[in-house]
Amino acid sequence: MQVPLYQAKAEFFRMLGHPVRIRVLELLQHGPVPVRDLLADIEIEPSSLSQQLGVLRRSGIVVSIREGSTVSYALAGGDVAELLRAGRRILTELLAGQNELLAELRQSDESTADGPALSSRTAT
């Protein structure tokens, strides 16, 4: 039985739903990176990084490259980098909208602070 496309997409995004995996993908955007450099940049235990790299590798989103005793990882395709850029644009827009709302709330707070105090009681 074939998995519906929406379910496959949900599983794909769930696979991306870990901060270490996102950080690894960000670091790989500019080309292959040795595991030792990933460890230095991410600052987690080697076993934890290995586990997250395994998830990414099994999903087909990254590939491992062995050169002598050095193992490096690279993105399997350029679409992943584009997805990360799109995510950054979306997040920037969302946060900008939140900052605008926060500014409006603060402005509203300032204008009500200058006016008469509101009572929580109503006249009877």
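Structure first, text after, so check above.
This one's a predicted model, so the numbers in the text were calculated from it and none came from an experiment.

Colleague: Mind laying out the pairing of strand S3 (residues 70–75), listing which residues take part and the relevant values?
Modeller: By the bridge criterion, two bridges tie strand S1 (residues 33–34) to S3 in an arrangement that is antiparallel. When the sheet's bridge partners are listed, Pro 34 is paired in S3 with Ser 72. Sheet analysis places strand S2 (residues 62–67) next to S3, joined by six bridges and oriented antiparallel. The residue of S3 that forms the bridge with Ile 65 is Ser 72. Between S2 and S3, which pair antiparallel one after the other, the connecting turn spans two residues, and Gly 68 there sits at a positive phi close to 65°.

Colleague: Now, about the pattern of salt bridges: what can you tell me, with residues and values included?
Modeller: Taken as a whole and assessed by the stated rule, the structure comprises three salt bridges. For Glu 26, the salt bridge identified is with Arg 23, shortest N-O distance 3.1 Å. Of the two residues, Glu 26 and Arg 23 both sit in helix H2 (residues 19–28), three residues apart, roughly one turn of that helix. The exposure class of Glu 26 is partly exposed, given its relative accessible area of 28%. Linked through salt bridges whose partners overlap, the residues forming this network are Glu 82, Arg 85 and Arg 89.

Colleague: Break down the packing of aromatic side chains for me, citing the residues and quoting the values.
Modeller: Inspection of the entire model under this criterion finds one aromatic pair. Taken together, a centroid distance of 5.4 Å and an interplanar angle of 75° make the contact between Phe 12 and Phe 13 edge-to-face.

Colleague: How would you explain the packing of H2 against helix H4 (residues 46–59) if you had to name every residue and give the values?
Modeller: A pair of packed helices is characterised by two quantities: the angle between their axes and the separation of those axes. Packing of H2 against H4 leaves a shortest axis separation of 10 Å and a crossing angle of 75°. In terms of their interaxial angle, H2 and H4 are classed as roughly perpendicular. Counted together, Val 20, Arg 21, Val 24 and Leu 25 of H2 and Leu 49, Gln 52, Leu 53, Val 55 and Leu 56 of H4 form the full contact between these two elements. In terms of residue class, the contact of H2 with H4 is built from seven nonpolar, one polar and one charged.

So, how was this worked out
Residues numbered from 1 in each chain as written. Predicted model: local features only at pLDDT ≥ 70, side-chain atom pairs only at ≥ 80, totals over all residues. Heavy atoms only, no water. Pairing = 2+ DSSP bridges. Helix = DSSP H or I, 4+ residues; strand = E, 2+ residues; numbered from the N terminus. Salt bridge = Lys/Arg side-chain N within 4 Å of Asp/Glu carboxyl O. Buried < 20%, exposed > 50% of the residue type's maximum accessible area, 1.4 Å probe, protein only. Phe/Tyr/Trp six-rings, centres within 6.5 Å; stacked < 30°, edge-to-face > 60°. Axes fitted to C-alpha atoms, helices over the stretch in contact; angles between N-to-C directions. Parallel < 35°, antiparallel > 145°, perpendicular 65-115°, else oblique. Contact = heavy atoms within 4.5 Å. Nonpolar A, V, L, I, M, F, W, Y, C, P; charged D, E, K, R; others polar.

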